[in-house]
Amino acid sequence: MDGALEGIRILELGQLVSAPYCGKLFADYGAEVIKVEPPRTGDLSRQWGPFPQDQPHLEKSGLFFFMNTNKRGITLDVTAARGRDIFLRLVQQADMLIENNHPKQMRDWGLDYPSLSPVNPNLVMVSITPYGQTGPYSDWNGCDLNAFHLSGASSRYCGRPGDVPLEHGTFAADFYGATTAAAWGLAAVYGRRQAGGGQQLDVSCAEAIAALFVGSQNIGAYAQDGKFDRRTGVGMSLGAPATILPCKDGHVWILALEPGQWNGLARVMGNPEWMQLEMFQEMLVRAQNADAMYPLIEQWTMEHTKREIMDLCQAAGCPITAVFTVAEAAEHPHLKERGYIVDLEHPALGKIRDLGAPFKLPESPGGPTKPAPLLGQHNDEVYGTLLGMSSAELQRLHRDGVI
Amino acid sequence: MAKALPLKGIRVANFGWVWAGPVTGQTLGFLGAEVYKIESRARIDLTRMLPPFAGGVRDPDRSISNHAGWAGNGSVSLNLKKPEAQELARQLIAKSDVVVENFGPGVMQELHLGYEDLRALKPDIVMSSMPAAGLYGPLKDVRTYGLSLSSITGIDSLTGYFGGPPIPFENAFADPYNGVMGAFAVLVALSYRDRTGKGQHIDYSQQEVVMQMVGPAFMDYELNGRVAGPMGNRHPLAAAAPHGVFPCAGEDRWISIAVATDQEWRGLLTAMGNPEWAQTPEFASPAVRVRNISALHERLAEWTRAFNDYELAQLLQRHGVAAAPVLNVADLLHDPHYRARGTFIEVTHPLGFQETIYGAYVKTSRTEANVHPGPSIGQDNDHVFKELLGLSEERYRQLIEKQVIY
């Protein structure tokens, strides 16, 4: 069976998370993705790790491995005149370019959209940056952390009042930007004939979250009433229980808002008398009295393990779940049965497990089947077949440090 | 601008409710698809009941808390408990390209709208089912809200103050994320259909999609057996220091600062006026800065405290340091960057009131996204039932009276 996106050729000129994850989504569903890395050092994620035994090694970065499965990798110095010429020849043969460089950097290299569009009017260029291509912050230096906290998400939704607003402990803004770019980018390729050609998509990781997440439920309300909520450190302000509580061996997400769920939780807890009190009878009222209620629930959770609590509560119709550690999530039998954890073989890392396709397409399965490329692994293949370069020519370019 | 939007001609029957499913419809709608959310007054989508309401009038068509997230969707109203309504839904699906739903596994079958039923009507239909944990497996019936869904991915175990317990993210971050990835999934399947003529049933597990965000921590577990805990605002791979959020002058004002390179570090030092503490060996290289990050953050916080957040961001940016103010909800509407990019727009709802929603959050150079306000219940009934499905006026009235169209 073919990959769903077979026939689409993509160039990726990106590093770290946002552009590479976007490229990975295409590669894992069958598109031909050619990743272009600077010679010698490669994508910066090769230096970020995590590395086995914390020993830095350009070919052993876990982040690079995760972000670049199924891609072909070439090296090219696009800052050199000859390198740029070669890049333009690749652009001519591509449906899409995914990149996450600073906008000024792309202009300096002569690789901004106005420069590339005449070379290939059908090119869909997807530019993913923390702040976007326009607006007063577009020239700013930035990374995932800055984008996330510029979105309004942390100030409203994560952290204790008066204390530091928090991110998720991962590259959440980069992932949001990457996914947004993938959806809009694929649409632009899919409907290219209809739309009359290629175009540039300007994706800002901060804006994607500010709009889709924070904007959705907050902006209309603020615009109308001039009021807005701040993080509580506890959970929802409109309903309770909705919080994380400790238990015997970790933590659980306690969520029982609707009457049936609240009654289910009561049954599981042995119908304690306090749950009959007027102050706990409706989810909004419970939220107002959450400070009094959470310690009472916690007395019960502390007597049980997270698995027990999840099993009992789920059976009683409550959307209560264990807070899985990364290991517990990865080793859960559910994901095993669904084949979400896949085995790969990497020349430097050896046998290694990876997360599989994010969604299942029965007719055209996706997911990582080939490990991330070694630095310059596919130079001969790509330059030879796609651009018809001779091996003498390739050797020359290699010697001159262009590839 | 272009002749047509990329997805013009694609019709979507969107059974998605609450947030994730509607955003899938929205994304496809912004890009030119004709999208109908199928809902009913018999079981009103719970987000329609969330305050605040436009003009303070409590009505399911006036809940502005989620109107932005449903923009781009149209709406037809069908009471799917009734067989005649199910039949109308099937007729609409027979004229559609895509079906989206985010109920639990089995619900669509009970409504006689399962994939096998739909494929018999329209062999190349693309159906995306987006339950919490996929269509099969021991956890398939797990009950979650978007709030708690993230706990079974591992991501909640990474969220909290460094060294402390996990802290709840107080809204369903996963929902709109899944909405957008859901649109990508549909487009991947449509691309396959274009090439082969075959539709398919997408088994979309929200858990597995969100768990991809845990990839970096999963790799550390896989390579080193290390299981990460709450990270605060520290760099997930300890590749930068400082990397955090620091207090500024005023109530609840903060700035994010990240330094990954020596050049950025020198920029930070210059901006701070080269204080003595920063020249000591404990901060002399990236590696030792990461090792001494707590002390470094404490020192830095003493310095940032005196500054206005926006002014400090400007100062640091002038020295090449990745820094930006931490914005709150109110800031979003006033911030010059979001204003310049037209992130939020004021629109007139079909019922006549003004509201502020988000516009095209991706800027497209050729095709301008089609943004229109979230629908009132059944706003497209006339068009869909009479023009598209060809019901006579009499039959249409009858079905409304019988609360089939409801």
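Bear in mind that the values here come from a model prediction, so they are computed numbers and not experimental data.

(A) Local environment of helix α1 (residues 20-30) of chain B. Residue and element names in this part refer to chain B. Within α1, eleven of the eleven residues are buried, which leaves the element mostly enclosed by the surrounding structure. Residues Ala20, Gly21, Pro22, Val23, Thr24, Gly25, Gln26, Thr27, Leu28, Gly29 and Phe30 constitute the buried set of α1. Immediately downstream of α1, the backbone of glycine 32 shows phi near 115°, a positive value.

(B) Here's a closer look at the sheet that holds strand β7 (residues 243-247) of chain B. Residues and elements named next belong to chain B. The three strands lie next to each other as β7-β8-β9, forming an open sheet whose pairing is antiparallel. The sheet terminates laterally at β7 and β9 (322-325), the two strands that pair on one side only. Mean inter-strand twist for the sheet, computed between neighbouring axes without regard to direction, equals 20°. When strand β8 (residues 254-258) meets β9, the two strands line up antiparallel, connected through four bridges.

(C) Expanded view of the interface of chain A and chain B. Contacts between the two partners involve 160 residues from chain A and, on the opposite side, 159 residues from chain B. In total, chain A and chain B occlude about 13900 Å² of area from one another, counting both sides; carbon and sulfur atoms represent 64% of this. The largest share of the area that chain A buries against chain B comes from His168, Trp184 and Tyr190 of chain A, three residues that together contribute 7% of it. Summed over the shared surface of chain A and chain B, the number is nine salt bridges. A salt bridge links arginine 231 of chain A to aspartate 252 of chain B, with the nearest nitrogen and oxygen atoms 2.6 Å apart. The biggest single contributor to the side of chain A that touches chain B is helix α11 (residues 205-225) of chain A, with 20 residues. In the side of chain A that touches chain B, the residues fall into 86 nonpolar, 52 polar and 22 charged. Relative to strand β12 (residues 362-364) of chain B, strand β6 (residues 199-204) of chain A runs antiparallel, the two being bridged by three bridges. Considered in β12 of chain B, the bridge of aspartate 202 of chain A is made with lysine 363 of chain B.

(D) Geometry of the side chain of threonine 364 of chain B. Note that threonine 364 of chain B resides in strand β12. At 2.4 Å, the side chain of threonine 364 of chain B and the backbone oxygen of threonine 367 of chain B are in polar contact.

(E) Focus on the pattern of salt bridges. Under the criterion given, the structure shown has 47 salt bridges over all chains. The residue arginine 193 of chain B makes a salt bridge to aspartate 124 of chain B at a minimum N-O spacing of 3.9 Å. Here the residue arginine 193 of chain B occupies a position in helix α7 (residues 174-196), and aspartate 124 of chain B occupies one in the loop between α5 (115-121) and β5 (126-129), the gap between them amounting to 69 residues. The residue aspartate 141 of chain B makes a salt bridge to lysine 140 of chain B at a minimum N-O spacing of 3.0 Å. Of the residues examined, lysine 140 of chain B reaches a relative accessible area of 29% and is grouped as partly exposed. Taken together, the salt bridges that share partners define one network made up of Arg9, Glu32, Arg72 and Glu381 of chain A.

(F) Representation of the nonpolar core in the model. In this structure, Phe26, Phe213 and Phe359 of chain A together with Phe184 and Leu316 of chain B are the most contacted members of the largest nonpolar core, which totals 180 residues. In terms of residue count, helix α9 (residues 172-190) of chain A provides more of this core than any other element does, 14 residues in total. In contact with leucine 316 of chain B, other than residues within four places in its own chain, are Ile255, Ile257, Leu268, Ala271, Trp303, Val321 and Ala323 of chain B.

What counts and how
Residues numbered from 1 in each chain as written. Chains lettered and ligands numbered in written order. Predicted model: local features only at pLDDT ≥ 70, side-chain atom pairs only at ≥ 80, totals over all residues. Heavy atoms only, no water. Buried < 20%, exposed > 50% of the residue type's maximum accessible area, 1.4 Å probe, protein only. Helix = DSSP H or I, 4+ residues; strand = E, 2+ residues; numbered from the N terminus. Pairing = 2+ DSSP bridges. Axes fitted to C-alpha atoms, helices over the stretch in contact; angles between N-to-C directions. Contact = heavy atoms within 4.5 Å. Buried area = accessible area lost by both parts, 1.4 Å probe. Salt bridge = Lys/Arg side-chain N within 4 Å of Asp/Glu carboxyl O. Nonpolar A, V, L, I, M, F, W, Y, C, P; charged D, E, K, R; others polar. Polar contact = N/O pair within 3.5 Å; in protein donor to acceptor, adjacent residues only side chain to side chain. Core = buried A, V, L, I, M, F, W, Y, C linked by side-chain atoms within 4.5 Å.

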